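Remarks on the overall topology
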Amino acid sequence: MNPVTESQNYKNLTSTTTVYTGSGGVLGVFVASCSGSPTIKVTDGASTIVDTFIPSAATWYAMPARFNTSLVVTIGGTVNCTVFWS
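Structural notes, computed from the coordinates. Treat the numbers as computed from the prediction; the structure is a model and nothing was measured.

1. Here we look at the pattern of salt bridges
Scanning all chains against the criterion turns up 1 salt bridge. Taking the shortest distance from any N to any O, the salt bridge between Lys-41 and Asp-51 comes out at 4.0 Å. One end of the pair, Lys-41, is in strand β3 (residues 24-44); the other, Asp-51, is in strand β4 (residues 47-53), with 10 residues separating them in the sequence.

This is the structure we're talking about:
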């Protein structure tokens, strides 16, 4: 298995999104802003990578993990974040 690297693809999100379909590695999520009871959950298809948490604005959340089927980020409330993956 290859390690998760520091150089990644990225995608800015404001709603629930399937970021990538296939296998890969997630480095983490940077939350630029959030309000209105914000939540984030990160899954590998139906399997949880990081369960639902309450993010804070201007915060980096490291999540160095591999995913097998898809990288899905579920957003509740108002969140503007960037997900980094390979």
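2. Considerations on unusual backbone geometry
Although it is not a glycine, Ser-37 adopts a positive phi angle of roughly 55°. You can see Ser-37 is positioned in strand β3. Residue Ser-37 is classed as exposed on the basis of its relative accessible area of 65%. Backbone geometry places Ala-58, a non-glycine residue, at a positive phi of 55°.

3. Let's talk about the packing of aromatic side chains
Overall, the coordinates contain 5 aromatic pairs when judged by the stated rule. Residues Tyr-10 and Phe-84 carry aromatic rings whose centres are separated by 6.4 Å and whose planes lie at 40° to one another, so their mutual orientation is tilted. Taken together, the positions of Tyr-10 in strand β1 (residues 9-13) and Phe-84 in strand β6 (residues 70-85) put the pair 74 residues apart, joining distant regions of the chain. Seen from their ring centres, Tyr-20 and Phe-67 are 6.1 Å apart, and the 70° between their planes marks the pair as edge-to-face. Of this pair, Tyr-20 sits in strand β2 (residues 17-21) while Phe-67 sits in strand β5 (residues 59-67), placing them 47 residues apart in sequence. Linked through ring pairs, Tyr-10, Trp-60 and Phe-84 together constitute an aromatic cluster.

Quick notes on the rules
Residues numbered from 1 in each chain as written. Predicted model: local features only at pLDDT ≥ 70, side-chain atom pairs only at ≥ 80, totals over all residues. Heavy atoms only, no water. Salt bridge = Lys/Arg side-chain N within 4 Å of Asp/Glu carboxyl O. Helix = DSSP H or I, 4+ residues; strand = E, 2+ residues; numbered from the N terminus. Buried < 20%, exposed > 50% of the residue type's maximum accessible area, 1.4 Å probe, protein only. Phe/Tyr/Trp six-rings, centres within 6.5 Å; stacked < 30°, edge-to-face > 60°.

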